[in-house]
Amino acid sequence: MKTGPLNESELEWLDDVLARYGNEHAVMDVSELDGMLTAILSAPVETEPAEWMLAVWGGADYVPRWANDRERDRFVNLTLQHMDDVAERLGEYPDQYEPLFGTRDEEGQEITIVEEWCFGYMRGVSLSDWSALPAELQPHFDTIALHGKEENFERLDTLSAEEYVASVDAIKPAALALCHYWLDNPQPAPVKQPVKNENKTGRNDPCPCGSGKKYKNCCMK
């Protein structure tokens, strides 16, 4: 697999694939993907790639029917390459880290769009347990959540232009602060408990199918 930052053409290809195979549950564009990967890299515990790759599409039921294996493999490889690049910048070269915000042209000016990135970040947060985040770091978390949760949209509407710009400028340092806190204070991975069937039917119990027979003489056969 290649290393280093993706070029413009590769980012556009990822964006196109997300748009083509997307659904209402999936990551919608490369900016949201970047936000999600940033949160995963900044999480208290590591999330397995198999888990977050499914989350990109909104779950196992929404994984694309790829045109071919080559298309699927390229998407996976470019996503992992981008993730490795983000991880390196976050952890080792924070002065080079930049969230991949979206942009749009408005009356000849380029406007920065942060909502998709922040929604992606919150999607990544949902894959881990952030409850151990200390109170002094909560304002950084809230800075991202302000733009990444629909419930905060009304609050955004009350901000002045200067306050809105300040809230956008605070996202990058917030992401770095959260990442470096968890890098310095990793949490133990939760121990997975074996699944127990508390309602196991005994051989001589009535069959759960309702036949009236004993389980051993009915569905157990």
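Scroll up a little and you will see the structure.
Sequence order as written defines the numbering, with residues in each chain counted from 1. Where totals are concerned, whole chains, interfaces and linings use all residues; where local detail is concerned, this predicted model gives features only for residues with pLDDT of at least 70, and gives and counts side-chain atom pairs only at 80 or more. The side-chain numbers reported here are obtained from all heavy atoms of the structure, hydrogens and water having been left aside.

Thoughts on the packing of helix α6 (residues 138-148) against helix α9 (residues 171-184)
Okay, step 1: Lines fitted to C-alpha atoms define the axes here, with helix axes fitted over just the stretch in contact, and angles between the N-to-C directions of these axes take values from 0 to 180 degrees. Note on conventions: DSSP H or I runs of at least 4 residues are helices, E runs of at least 2 residues are strands, and numbering of each starts at the N terminus. The contact between α6 and α9 brings their axes to 8 Å, and the two run at 130°. One element, α6, and the other, α9, form an angle in the oblique class. In terms of crossing hand, the pair formed by α6 and α9 is left-handed. Residues His140, Phe141, Thr143, Ile144 and His147 of α6 touch α9, and the partners they reach there are Ile171, Ala174, Ala175, Ala177 and Leu178. We call two directions roughly parallel when the angle between them is under 35 degrees, roughly antiparallel when it is over 145, roughly perpendicular when it lies between 65 and 115, and oblique otherwise. It is the rotation of the near helix from the far one that decides the hand of a crossing: anticlockwise by less than a right angle makes it left-handed, clockwise makes it right-handed. Only heavy atoms enter the contact rule, under which two residues are in contact if any of them lie within 4.5 Å.

A few points about the nonpolar core
Okay, step 1: In plain words, nonpolar cores are sets of buried Ala, Val, Leu, Ile, Met, Phe, Trp, Tyr and Cys residues tied together by side-chain atoms within 4.5 Å. Only protein chains enter the accessibility calculation, which uses a 1.4 Å probe; a residue whose area is less than 20% of its type maximum is buried, one above 50% is exposed, and one in between is partly exposed. Ranked by size, the top nonpolar core spans 25 residues in total, and within it Tyr97, Trp117, Tyr121, Trp130, Phe141, Ile144 and Leu178 carry the most contacts.
Okay, step 2: When residues of this core are traced back to their parent elements, those giving at least two are α4 (69-91), α5 (115-125), α6 and α9.
Okay, step 3: No other element matches the 7 residues that α9 contributes to this core.
Okay, step 4: Apart from residues no more than four positions distant in its own chain, Phe141 is found in contact with Met122, Val125, Trp130, Leu133 and Leu178.

Some words on α4
Okay, step 1: With 23 residues, α4 ought to run about 33 Å at 1.5 Å a step, and its terminal C-alpha atoms sit 33 Å apart, in line with that.
Okay, step 2: Those residues of α4 that fall on the buried side of the exposure criterion are Glu71, Phe75, Leu78, Thr79, Gln81, His82, Met83, Asp85, Val86 and Leu90.
Okay, step 3: On its buried side, α4 packs onto α1 (8-21), α2 (30-41), α3 (49-57) and α9.
Okay, step 4: At the N-terminal end of α4, a side-chain oxygen is found 3.2 Å from the backbone nitrogen of Arg70, two or three residues along, and the residue is Asn68. An expected span of 1.5 Å times one less than the residue number is assigned to each helix. Nitrogen and oxygen atoms within 3.5 Å of one another constitute a polar contact, given that in protein one can donate a hydrogen and the other can accept it, and given that sequence-neighbouring residues count only through two side-chain atoms.

Details of the packing of aromatic side chains
Okay, step 1: Aromatic rings from Phe, Tyr and Trp, with only the six-membered ring used for Trp, were paired whenever their centres fell within 6.5 Å, and each pair was classed as stacked if the ring planes differed by under 30 degrees, edge-to-face if by over 60, and tilted otherwise. What the rule picks out here adds up to 11 aromatic pairs.
Okay, step 2: Judged by centre distance (5.9 Å) and plane angle (85°), the ring pair of Trp130 and Trp182 falls under edge-to-face. Placement of the pair is Trp130 in the loop between α5 and α6 and Trp182 in helix α9, with a sequence separation of 52 residues.
Okay, step 3: You can call Trp130 buried: its relative accessible area is 9%.
Okay, step 4: Three or more aromatic residues joined by ring pairs form one cluster here, namely Phe101, Trp117, Tyr121, Trp130, Phe141, Tyr181 and Trp182.
Okay, step 5: Working rule: Lys NZ or Arg CZ, within 6 Å of ring centre, within 35 degrees of ring normal, means a charge sits over the ring. For the cation-ring pair, Arg74 lies above Trp13, with the distance from its terminal atom to the ring centre recorded as 4.4 Å.

Points about the pairing of strand β2 (residues 109-113)
Okay, step 1: Two strands qualify as a pair provided that DSSP identifies no fewer than 2 bridges between them. The pairing of strand β1 (residues 102-106) with β2 spans 5 bridges and is classified as antiparallel. When the bridges of β2 are listed, Glu106 appears paired with Gln109.
Okay, step 2: In textbook terms, the turn of a hairpin is the stretch between consecutive antiparallel strands, and for β1 and β2 this stretch comprises 2 residues, one of which, Glu107, has a positive phi near 55°.

Let's talk about the side chain of Ser167
Okay, step 1: Here Ser167 lies in helix α8 (residues 161-169).
Okay, step 2: A polar atom in the side chain of Ser167 sits 2.9 Å from the side chain of His147.
Okay, step 3: Of note is the side chain of Ser167, whose polar atom sits 2.6 Å from the backbone oxygen of Tyr164.
Okay, step 4: Ignoring anything within four residues of it in the chain, the contact list for Ser167 reads Thr143, Leu146, His147 and Leu159.

With respect to the environment of Tyr97
Okay, step 1: Checked against the element boundaries, Tyr97 lands in the loop between α4 and β1.
Okay, step 2: Exposure remark for Tyr97: the relative accessible area of 1% places this residue in the buried category.
Okay, step 3: Considering only alpha carbons, one finds Tyr97 and Val86, 11 residues apart in sequence, at a separation of 7.3 Å.
Okay, step 4: Discounting chain neighbours no more than four positions away, the residues touching Tyr97 are Thr38, Val86, Arg89, Leu90, Trp117, Lys172, Ala175 and Leu176.

Regarding the pattern of salt bridges
Okay, step 1: Each reported salt bridge corresponds to a side-chain nitrogen of Lys or Arg within 4 Å of a carboxyl oxygen of Asp or Glu. For the structure shown, the criterion picks out 8 salt bridges.
Okay, step 2: Close ionic contact of Arg20 with Glu71 constitutes a salt bridge, the shortest N to O distance being 2.8 Å. Here Arg20, found in helix α1, pairs with Glu71, found in helix α4; they are 51 residues apart in sequence, far enough to count as distant.
Okay, step 3: Notably, a salt bridge pairs Arg89 with Asp85, separated by 3.0 Å at the nearest N-O pair. Here Asp85 and Arg89 lie together in helix α4, a separation of 4 residues that amounts to about one turn.
Okay, step 4: Looking at Asp85, the relative accessible area reads 9%, which means it is buried.
Okay, step 5: Through salt bridges with shared partners, a single network forms among Asp16, Arg20 and Glu71.

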